Amino acid sequence: MPDNGLLIRLRPIAFIVALLILWQFAAGRSSTHLLPGPWEAAGGIVDLVRHGLFLKYVVASLFRVTWGFLLAAVLAIPLGLTIGWYRRAEMALNPLIQIFRPISPLAWIPIAILWFGVGDASSIFLIFLSCFFPLILTAINAVQRIPAVYVNAGRNFGLSPANLVWRVLYPAVLPQLITGLRITLGVAWIVVVAAEMIAVNSGLGFLIVDARNAGNRYDLVVAAMAIIGVIGLLLDLGMRSLEGAKSLRWGYSED
Amino acid sequence: MTVAESVMTETKLSAQHVQMVFTRDGKSTPVLNDVNLEVGKGEFLCIVGPSGCGKSTLLSTIGGFLSPSSGEVKIDGQVVSGPDPRRIFVFQERGVFPWLTVEGNIEFGLFKLSRSERRSRVAHYIQMVGLQGFEKSYPAELSGGMKQRLEVARALAVNPDMLLLDEPFGALDSITRLIMRGELLRIWREERNTVIFVTHDIDEAVQLADRVAVMSGRPANIQQIVKIDIPHPRDISAPRYLELRNGILEQLGLAHQV
């Protein structure tokens, strides 16, 4: 029944509304002001919109994420696919990748500032780093998991090496790559906030630090947090919708 | 005149002294030991043998996916040096590309043809394997038997002169398997390709083949070649059928009772 389906879909929204009401009520009763209520936070968002900062900061953060993420994808995916294809390359490079991978991108902040100064380039570099290692590992793994039958079938039909890459390897790794990209974009969105707290003076991360420093505007802090959460959700939903494509769905089924 | 007699006129494939030794971690395992085999043009040959004996290795060598450690495989008088669209290897149904539709899969090997030629081939082979109405379906939406037919159609669409089938019906249920055998024979009669069919199922071999090559355990060679002199359609309760089948069972050292 369509009505029933709609009700089920509305349930999480109803739950969020209930939590907001509870939060508002609790914040109103408390005298300590440990956390501004949702009403104040909403006021903070209105304030940001009125001063033209809402769009500016959102765009600034998205700009950095887009560039860092795209640069990492453009470099890490072809590199990872190549490394995965040639077993010797993987044996040579894997230890290096494994050493760099656990270093938090935030540990690079001083070096980023030293190399790129305070500005967009620094935070783009940090986002690039946070995406590069997970993506290269996803790509290596994806190539290695291509069933040999697909490659053999491609060779059997007389495909040239370029066509083998384009018509067999690429479609065979695409589902895994898209999942990797989705998860990595989420990481990038987390890292941009941290990077902006130190390396730049715009964006949602900067907003959080600045609101606290310039007069303890905790309503703006919570407003920024809410904006970050909602945009993160939208980015994830966007990437998830790619996974629904019919030519990709095979990669996500259990059997 | 049976089919076997009519086709043994011209040699399609000859394997001479084929040896295969796999080396792994410094240990070498001989898999094929002096395999000699001749297959006639248009013949249907089944290869049977104990599991793990190297049947698939031999078929991969014929397909050009592996090169023998020594000896050679010749097709039409030329030494096989790699995979070739003139001989298509059919895997169990897992060989179809899951990211392509039924049409896309059949069209896969036709990239050298014109658009209209591709279309008519795809339509022809969809018809032949009975997948009409599923042109736009993805393999995940098909049953195991349909996927297997799709893979056969994809192979046939490029007009190969040889089909190499590696236990193609092994993953199907027994009813579908019986139907698929009939279908394969029908298609083979229409297309007249040379077929080499690897199976561990002796009944399957005796039902399908003009000749059955029986392989020994590892390191394997061909112990015996049994000519199946029963015309199609074959009566699987006829004395001659049972006689041939039992002969192969005995050759493999298997009892007749379970």
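Residues numbered from 1 in each chain as written. Chains lettered and ligands numbered in written order. Predicted model: local features only at pLDDT ≥ 70, side-chain atom pairs only at ≥ 80, totals over all residues.

## Points about the packing of helix α4 (residues 87-100) of chain A against helix α6 (residues 120-144) of chain A
Residues and elements named next belong to chain A. Worth spelling out the cut-off: Angles here are taken between N-to-C directions and fall from 0 to 180 degrees, while the axes themselves are lines fitted to C-alpha atoms, restricted in helices to the stretch in contact. Note on conventions: DSSP H or I runs of at least 4 residues are helices, E runs of at least 2 residues are strands, and numbering of each starts at the N terminus. Angle categories: roughly parallel below 35 degrees, roughly antiparallel above 145, roughly perpendicular from 65 to 115, and oblique for all the rest. Left-handed is the label given to a crossing in which the near helix is rotated counterclockwise from the far helix by less than a right angle, and right-handed is the label when the rotation is clockwise. A residue pair is marked as a contact if its C-beta atoms, positioned from the backbone, fall within 7 Å. Residues are grouped as follows: Ala, Val, Leu, Ile, Met, Phe, Trp, Tyr, Cys and Pro are nonpolar; Asp, Glu, Lys and Arg are charged; all remaining types, including Gly, are polar.
Direction vectors running N to C along α4 and α6 enclose 150°, while the axes themselves pass 10 Å from each other. In terms of orientation, α4 and α6 fall into the roughly antiparallel class. With respect to the hand of their crossing, α4 and α6 are arranged in left-handed fashion. When α4 is examined against α6, the residues Glu-90, Ile-97 and Phe-100 are found in contact with a partner set consisting of Phe-133, Ile-136, Leu-137 and Ile-140. Classifying every residue of the contact of α4 with α6 gives six nonpolar, no polar and one charged.

## Remarks on unusual backbone geometry
Residue and element names in this part refer to chain B. The test is simple: Working definition of burial: number of other C-beta atoms within 10 Å of the residue's own, with buried at 20 or more, exposed at 12 or fewer, and partly exposed in between, all C-beta atoms being placed from the backbone.
The residue after Arg-218, namely Pro-219, is reached through a cis peptide bond having omega -10°. Relative to the elements of secondary structure, Pro-219 occurs in the loop between β9 (211-215) and β10 (222-227). With an omega of -10°, the peptide bond running from His-232 to Pro-233 counts as cis. Within the element layout of this structure, Pro-233 appears in the loop between β10 and α8 (239-251). At His-17, a position not held by glycine, the phi torsion is positive, near 50°. Mapped onto the elements of the fold, His-17 is located in strand β1 (residues 11-24). Its 14 C-beta neighbours within 10 Å are what place His-17 among the partly exposed residues. Although it is not a glycine, Arg-192 sits at a positive phi angle of roughly 60°. Of note, Arg-192 is situated in the loop between α6 (174-191) and β8 (194-198).

## Here we look at the interface of chain A and chain B
With 14 residues of chain A at the contact, the number on the chain B side is 17 residues. Examining the composition of the side of chain A that touches chain B, we find that six residues originate from one element, helix α7 (residues 148-156) of chain A, more than from any other. Looking at the side of chain A that touches chain B residue by residue, the classes come out as six nonpolar, five polar and three charged.

## Some points on the environment of Arg-94 of chain B
Residue and element names in this part refer to chain B. Relative to the helices and strands, Arg-94 is located in the loop between β6 (87-90) and α3 (102-107). The exposure class assigned to Arg-94 is partly exposed, which follows from the 15 C-beta atoms found within 10 Å. Spatially, the C-alpha atom of Arg-94 lies 30 Å from that of Asp-76, the residues being 18 residues apart in sequence.

## Description of the domain arrangement of chain B
How big an interface is tends to be reported as the loss of accessible area on association of its parts. Residues and elements named next belong to chain B. Applied cut-off: Here the limits of each domain have been adopted from an automatic or database domain assignment.
Split by domain assignment, chain B resolves into domain 1 (3-86 + 162-251) and domain 2 (100-159). Of the residues lining the interface, 12 residues belong to domain 1; the matching set on domain 2 comes to nine residues. The element that contributes the greatest number of residues to the side of domain 1 that touches domain 2 is α6, accounting for six residues. Along the lines of polarity and charge, the residues of the side of domain 1 that touches domain 2 split into nine nonpolar, one polar and two charged.

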